[in-house]
Amino acid sequence: MGEKDSQKNKLSGGHVVLTSHREQIFSDTVDVSWGAKTPDLRGPVIGTFTENQKRNAIGSHSGSYTVYRALSIASGHFSKDHKPDLHNTNPTVNIGPFDSWREPGKIVSIDPWGSNVSDFFKKDLDSGLDVRPTIAVTQAHLTIPEVQESLRNGTLKPDGIHVKENGELKVTKVAFEPVWYLPGIAERLKIKEGELRNIIFKETGGMFPELITRPDLKILLPPIGSTTAYIFGDPKNLANSDVDLTCRVHDECNGSDVFGSDICTCRPYLTYGIEQAAIAAQKGQVGLIVYFRKEGRALGEVTKFLVYNARKRQEGGDSPETYFQRTECVAGVQDARFQELMPDILHFFGVQKIHHLHSMSNMKYDAIVNSGIEVVNRLSIPDHLVPEDAQVEIQAKKAAGYFTDEDLSEEDFTTTRGRKLDE
């Protein structure tokens, strides 16, 4: 082999072997018993490539950032053989284990044992297995303009612990990478595991051949966005049903959440939920905000912007009557979030009762209740927080049966119009 060919082979990562033959099902693959009582019995999730024959998961760690890692390796800026030094990375607060971690089918989209791997899987790490965390727990302070405004007008007062004098909010935050147990995902979808594998394989353009060729591998690390939870107050109280829990489960909306776009209620609902969670912590209760990366109802931001254009260019203008219809015309479906996986995060924290759920979504409410968690009170966004151009959204949701504290008005539904595209 010439020098040029050798360099090309080095850059490409070497010879690629597809697992299309039985001899590629390795006897050294680490066993995983999902739902086992202890981490030793369950076994670690191995999604790393330092020892291919030990791998027991399809895909790789880091979710949607997997491709960036590949680019970094390809450019020579990252060693593909790197093993992280996990010293001092352990959680700032130990969470669990709870009965929900061990109950079959209760958690299927994250690995509940994926946080403190240095303790849970010390024996495996000491033996040389490249076990990576999929959950991380740390502390932080949040600075949010709406909270600062509430301090100025007196609706929120500092206490020096949960709400600092400068308006910062003290929180525990928890990051989750997706870890899908395919038999459990299939059961949630009420389809056969083989059908689920076939559809994922085809709809990702054949990204993961092992979905088809390795039926022995039951775990998928999908290249999708992660989830972050923000806890206000003592995290241990999340599992205590006698302590009031204020909760908002929020799906990403970059335009509103980050940049303050006024066509929807996402940011005001999120910041209101954060403020109420902080107030709960001040009362000796606990607050929880869970932030899912499901941009544009999991249809993506490009699709969302196309829908905005279609809504505002249609005859008669942007109206509640066609709010959901225009989304379906462009995307083929009104909503692709599949909320049945959402409660897994709540079960990780041992949540059994939510006393105050800040959500209008029936899909979210039904998923939470059907997973075995009791919801005492539901709260919609206060009317005065709804931006003017978001009145179309809110009226459409009310008419569609979303939960609301306000009375429905037929006149508001028929006369509400959004801002024109050129305004």
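Since we're looking at a predicted model, the values are computed, not measured.

Reading the values: rules and limits
- Residues numbered from 1 in each chain as written.
- Predicted model: local features only at pLDDT ≥ 70, side-chain atom pairs only at ≥ 80, totals over all residues.
- Heavy atoms only, no water.
- Helix = DSSP H or I, 4+ residues; strand = E, 2+ residues; numbered from the N terminus.
- Rg over C-alpha atoms; globule rule 2.2 N^0.38 Å.
- Buried < 20%, exposed > 50% of the residue type's maximum accessible area, 1.4 Å probe, protein only.
- Contact = heavy atoms within 4.5 Å.
- Areas by Shrake-Rupley, 256 points an atom, 1.4 Å probe, with all protein chains shown as cover.
- Core = buried A, V, L, I, M, F, W, Y, C linked by side-chain atoms within 4.5 Å.
- Phe/Tyr/Trp six-rings, centres within 6.5 Å; stacked < 30°, edge-to-face > 60°.
- Lys NZ or Arg CZ within 6 Å of the ring centre and 35° of its normal.
- pLDDT = per-residue confidence, 0-100.
- Pairing = 2+ DSSP bridges.
- Axes fitted to C-alpha atoms, helices over the stretch in contact; angles between N-to-C directions.
- Salt bridge = Lys/Arg side-chain N within 4 Å of Asp/Glu carboxyl O.
- Patch = residues over 30% accessible without salt bridge, like charges linked within 9 Å, V, L, I, M, F, W, Y side chains within 5 Å.
- Expected span 1.5 Å × (residues − 1).

(A) Here's a closer look at the overall build of the protein chain. A tally of regular secondary structure across the protein chain gives 19 helices and 10 strands. The globule rule puts the C-alpha radius of gyration for 423 residues at 22 Å, and the 24 Å found for the protein chain is close to it. With the C-alpha coordinates aligned to their principal axes, the bounding extent of the protein chain is approximately 75 × 50 × 40 Å. Here the protein chain, with 423 residues, has 46% of them falling under the buried criterion. Across the protein chain, contacts joining residues at least 24 apart in sequence account for 70% of those joining residues at least 6 apart. Summed over all atoms, the accessible surface of the protein chain reaches about 21300 Å², with 50% contributed by carbon and sulfur.

(B) Main features of the nonpolar core. Ranked by internal contacts, the top residues of the largest apolar core, which has 41 residues, are Val174, Phe176, Leu288, Leu346, Phe349, Ile354 and Ile368. Among the elements that make up this core, the one with the highest residue count is strand E8 (residues 286-292) (four residues). In this structure Ile368 touches Val249, Met342, Pro343, Leu346, Ile354, Leu357, Ile373 and Val375, once residues within four positions along its chain are discounted. Core analysis: the next-biggest nonpolar cluster, separate from the first, contains 18 residues, Leu142, Val147, Leu151 and Phe232 among them.

(C) Representation of the packing of aromatic side chains. Throughout the structure, instances matching the rule amount to 12 aromatic pairs. One aromatic cluster in this structure is built from Phe98, Trp101, Trp113, Phe120, Phe176, Phe348 and Phe349. Positioned over the ring face of Phe292 is Lys294, at 4.8 Å from the centre of the ring. Its end group placed over the ring of Tyr365, Arg378 keeps NZ or CZ at 4.1 Å from the ring centre.

(D) A look at the confidence of the model for the protein chain. Mean pLDDT over the protein chain: 90, with 93% of residues reaching 70 or higher. Contacts from residues 1-12, a stretch scored under 50 in pLDDT, to residues over four places away or in other chains number four contacts.

(E) Broad picture of helix H8 (residues 182-189). Taken as a whole, H8 has its buried residues at Leu182, Gly184, Ile185 and Ala186. Buried residues along H8 sit against strand E1 (57-59), strand E4 (180-181), helix H9 (193-203), helix H10 (210-213) and strand E5 (219-221). Positive phi appears at Lys190, one or two residues downstream of H8, with a value of about 60°.

(F) The arrangement of the side chain of Ser380 in detail. Following the sequence through the fold, Ser380 ends up in the loop between strand E10 (374-379) and helix H18 (391-399). On the basis of relative accessibility, which here comes to 5%, the residue Ser380 falls in the buried class.

(G) Fine view of the sheet that holds strand E7 (residues 245-251). Strand order in the open sheet made by the seven strands is E2-E3-E6-E8-E7-E9-E10, with mixed pairing throughout. Only two strands of the sheet have a single partner each, and these edge strands are strand E2 (135-142) and E10. Going from strand to strand, the sheet's axes swing by 25° on average, the running direction of each strand aside. With seven bridges joining them, E7 and E8 adopt parallel strand pairing. Residue pairing in the sheet places Asp251 in a bridge with Phe292 of E8.

(H) Geometry of the pattern of salt bridges. Taken as a whole, this structure holds 24 salt bridges when the rule is applied. When the shortest N-O distance is used, the salt bridge between Arg188 and Asp344 registers 2.9 Å. Residue Arg188 is found in helix H8, and its partner Asp344 is found in helix H16 (residues 343-348); the two are separated by 156 residues along the sequence. Classification of Asp344 as buried rests on a relative accessible area of 1%. We note a salt bridge from Glu193 to Arg197, for which the minimum N-O separation is 2.9 Å. Note that Glu193 and Arg197 are positioned in helix H9 at a spacing of four residues, about one turn of the helix. Residues Glu193 and Arg197 agree in their burial class; the two are buried. A single salt-bridge network, built from bridges that share partners, covers Asp262, Arg311, Lys312, Asp318, Asp389 and Arg419.

(I) The arrangement of the pairing of strand E3 (residues 169-176) in detail. Note that E2 and E3 share eight bridges and pair antiparallel. The partner of Gln139 across the bridge, within E3, is Thr172. When E3 meets strand E6 (residues 227-232), the two strands line up antiparallel, connected through five bridges. Its bridge partner lying in E6, Ala175 is registered against Thr228.

(J) Seen up close, a nonpolar patch on the surface. Among the surface-exposed residues, Tyr65, Val67, Tyr68 and Leu71 lie close enough to one another that they form a single nonpolar patch of about 490 Å² accessible area. For Val67, the position within the fold is in helix H3 (residues 66-74).

(K) Fine view of helix H14 (residues 301-313). Taking 1.5 Å as the rise per residue, H14 with 13 residues should run 18 Å; its terminal C-alpha atoms sit 18 Å apart, in good agreement. Restricting attention to buried positions, one finds in H14 the residues Thr303, Lys304, Val307, Tyr308, Ala310, Arg311 and Lys312. Against the buried residues of H14 lie helix H11 (254-257), helix H13 (295-298), helix H15 (323-331) and H18.

(L) Representation of the side chain of Lys397 within the structure. Along the chain, Lys397 turns up in helix H18. By relative accessible area, Lys397 is classed as buried at 16%. Beyond its immediate stretch of four places on either side in the chain, Lys397 contacts Tyr323, Phe324 and Tyr402.

(M) Seen up close, the pairing of E10. Here strand E9 (residues 353-358) pairs with E10 via five bridges, running parallel. Residue His356 lies in a different strand from E10, and its bridge partner there is Asn377.

(N) Quick peek at the sheet that holds E1. Taking strand neighbours across the sheet as the criterion, the three strands line up as E1-E5-E4 in an open arrangement whose pairing is mixed. Edge positions in the open sheet fall to E1 and E4, since each of these has one partner strand only. In the sheet, E4 pairs with E5 via two bridges, with the strands oriented antiparallel. Across the sheet, residue Tyr181 finds its bridge partner in E5, namely Ile219.

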